[in-house]
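In case you want the letters, here they are:
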Amino acid sequence: MKKNVLPSVPLLFVLPFSVASHAQDTAHQGDVTDVTVIRRVEQHPQAWRLWQPFVIQGEKKKQLVVAFGAMVHGKKDMGDILASVSKDDGQTWETPVVIFDHNQRQGAIQFAYANPVLYRAPGQDVIWCFAMRCPIAYENSEESQLAAAFSADGGWSWTPVEMAMQYTGPLILNAGIVETEIQGQRRFLLPAHRNTLQKDPLGSRDHFILSSSSLLEWRLEAFIPQPESGKVFLHEGNVAPGDAAGELKIVMRTANYEDDALTTDPPRAYSSVSRDGGRTWSAAAEEPDLYNAKSKGFFGRAADGTHLYVYNDGPAQRDKAPGFPHGGRTSLRYKTKPPGGAWSEEKTFYDAGIKNSYPTLIEIAPGDFRAVWDSGTADTARTHIQFGKLKVKP
């Protein structure tokens, strides 16, 4: 049988054949079920890692669409963005199509791409993919700008779109779009952050919120204020409805502000709350019950009001500690919090003795979630993209 290899293809080219992926993962512990491998790095000759997947539900009941990155050789965190469709609720996955192709030049400029965010506005069949694009000459994607494409056929083909941007600085994406209302007008909120301090001693590390009324034009809506006790590198935050009616809450990954190689002390996620639809936010504050050691977590709320936080346990990514001989970002854990209640004890999401990171979930029915994350081996990160199902009880 011919090996399933994705060639370098033009931006909107759809492969003339489709080989469904349905390989099961290795034996694991945890509450995630029906785990399958969507894609492996060996199927992408130009890539050395697959990373940061994002999942949404398609137009049909059992249809799912997952976008993920294929990291090209020589880059730390950018490459191509691809999408794969499942027609059977994640049991099998079709050969992916390219959304953003680093081989395609935009005039004289060649970009590489990172961090896809999928969104389908209520009542619309169009699926949007927002991502970051960065000149390919850069080593990493810290100096990216917003890119977008849409699909009108359920994720099988994609059309790039140039947006009207009223925010012109660099940005880094991570989390999904939330619909809200600001001063009587419907707005879409897209959380992002920037890390210009990495290359510029006069730069900054800020978390902010972009907003749009159309998904085609974006502006800076608000910054997340720093904690009153001192600066923290707030990044990769997820926005979801909060505890009170009309409240929005963002829960963010953290690191030391001056030296982002260090965690906060102790390693904790931070949060902020908005009570005016996302226009203004409270000063960020430590979440005492939510662990974070410089790795993306997922924060969301189920239909019944239960909050969910999925995260990596252990030390930071490259640190080693007793019980973690291969460094951090291995097991994925989670906690739940019922409406008006407290966070639960730690539960196991997925643990197979291998590297795992960057979970993203979507609720397809009350308490019934679909999840994706990038996975690896015991020693090598991000060798494949995994899918699973999680039931969250109130």
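Placed above this text is the structure.
Residues numbered from 1 in each chain as written. Predicted model: local features only at pLDDT ≥ 70, side-chain atom pairs only at ≥ 80, totals over all residues. Heavy atoms only, no water.

S.K.: Mind showing me how you'd approach the overall build of the chain here?
M.R.: Within the chain, the secondary structure is distributed over zero helices and 28 strands. In terms of overall dimensions, the chain is globule-like: its C-alpha atoms have a radius of gyration of 20 Å, near the 21 Å expected for 394 residues. Split into buried and exposed, the 394 residues of the chain put 60% on the buried side. Sequence separation of at least 24 residues holds for 54% of the intrachain contacts in the chain that already meet a minimum separation of 6. Here the chain displays about 16100 Å² of accessible surface, and carbon together with sulfur accounts for 51% of that area. (Helix = DSSP H or I, 4+ residues; strand = E, 2+ residues; numbered from the N terminus. Rg over C-alpha atoms; globule rule 2.2 N^0.38 Å. Buried < 20%, exposed > 50% of the residue type's maximum accessible area, 1.4 Å probe, protein only. Contact = heavy atoms within 4.5 Å. Areas by Shrake-Rupley, 256 points an atom, 1.4 Å probe, with all protein chains shown as cover.)

S.K.: I would appreciate a short explanation of the packing of aromatic side chains in the present structure.
M.R.: Given two aromatic rings, one states the distance between the centres and the angle between the planes to describe the pair. For the coordinates displayed, the defined rule picks out 12 aromatic pairs. Between Phe130 and Trp218, the ring centres sit 5.5 Å apart and the planes meet at 80°, which makes this aromatic pair edge-to-face. In this pair, Phe130 is assigned in strand β9 (residues 127–135) and Trp218 in strand β17 (residues 217–223), connecting sequence segments 88 residues apart. For the pair Phe130 and Trp218, a shared accessibility class is recorded, and that class is buried. Ring centres of Tyr334 and Phe349 lie 6.3 Å apart, and the angle between their planes is 80°; on these two criteria the pair is classed as edge-to-face. Placement of the pair is Tyr334 in strand β24 (residues 332–337) and Phe349 in strand β25 (residues 347–350), with a sequence separation of 15 residues. By relative accessible area, which is 4% here, Tyr334 ends up buried. One aromatic cluster in this structure is built from Trp128, Phe130, Phe150 and Trp218. Between the NZ or CZ atom of Arg382 and the centre of the ring of Tyr358, over which it lies, the distance is 4.6 Å. (Phe/Tyr/Trp six-rings, centres within 6.5 Å; stacked < 30°, edge-to-face > 60°. Lys NZ or Arg CZ within 6 Å of the ring centre and 35° of its normal.)

S.K.: Just checking my understanding: could you explain the nonpolar core for this structure?
M.R.: General note: in soluble globular proteins, nonpolar side chains tend to be found buried as a group. Among the nonpolar cores identified, the biggest contains 48 residues, and Phe130 and Trp218 are the most heavily contacted of them. Core analysis: the next-biggest nonpolar cluster, separate from the first, contains 17 residues, Leu308, Val310, Phe369 and Ala371 among them. (Core = buried A, V, L, I, M, F, W, Y, C linked by side-chain atoms within 4.5 Å.)

S.K.: Looking at this structure, how should I read the pattern of salt bridges?
M.R.: Pairing between side chains of opposite charge can happen when their charged atoms approach one another. Scanning the model with the defined rule gives 16 salt bridges in all. Across the salt bridge formed by Asp89 and Lys389, the nearest N and O atoms sit 3.1 Å from each other. With a gap of 300 residues between them, Asp89 in the loop between β5 (79–86) and β6 (97–100) and Lys389 in strand β28 (residues 384–391) connect regions that are remote in the sequence. Of the charged contacts in the structure, one is a salt bridge between Arg333 and Asp313, with a shortest N-O distance of 2.8 Å. Of this pair, Arg333 sits in strand β24 while Asp313 sits in the loop between β23 (307–312) and β24, and the two are 20 residues apart along the sequence. Connected through salt bridges with shared partners, the residues Asp89, Asp368, Arg370 and Lys389 form a single ionic network. (Salt bridge = Lys/Arg side-chain N within 4 Å of Asp/Glu carboxyl O.)

S.K.: Can you walk me through the side chain of His193 in this structure?
M.R.: Within the secondary structure, His193 is located in strand β15 (residues 185–195). A polar side-chain atom of His193 sits 3.4 Å from the main-chain amide nitrogen of Glu236. In this structure His193 touches Pro170, Leu171, Ile172, Asp206, His207, Phe208, Phe233, Leu234, His235 and Glu236, once residues within four positions along its chain are discounted. (Polar contact = N/O pair within 3.5 Å; in protein donor to acceptor, adjacent residues only side chain to side chain.)

S.K.: How should I be thinking about the sheet that holds strand β22 (residues 298–301) in this particular structure?
M.R.: Backbone hydrogen bonds hold the strands of a sheet together, and the pairing may be parallel or antiparallel. Taken in spatial order, the four strands of this open sheet run β22-β23-β24-β25, and their pairing is antiparallel. Strands at the two margins of the open sheet, each flanked by one partner only, are β22 and β25. Taking each pair of neighbouring strands and ignoring which way they run, the sheet shows an average axis angle of 25°. Two elements, β24 and β25, share three bridges in a ladder whose sense is antiparallel. In the sheet register, Arg333 faces β25, and the bridge partner there is Thr348. (Pairing = 2+ DSSP bridges. Axes fitted to C-alpha atoms, helices over the stretch in contact; angles between N-to-C directions.)

S.K.: Would you mind showing me how to read the sheet that holds strand β20 (residues 268–274) here?
M.R.: In space, the four strands of this open sheet follow the order β18-β19-β20-β21, with antiparallel pairing throughout. Each edge of the open sheet carries a strand with a single partner, namely β18 (232–241) and β21 (285–291). Averaged over neighbouring strand pairs, the angle between their axes works out to 35° when direction is ignored. In terms of strand pairing, strand β19 (residues 248–256) meets β20 through five bridges, oriented antiparallel.

S.K.: Sorry if this is basic, but what is going on with the environment of Ala269 here?
M.R.: Here Ala269 shows up in strand β20. The buried category is assigned to Ala269, whose relative accessible area is 0%. Discounting residues that sit within four places of it in the chain, Ala269 has contacts with Val251, Met252, Thr254, Ala285, Glu286, Glu287, Leu290, Tyr291, Asn292 and Tyr309.

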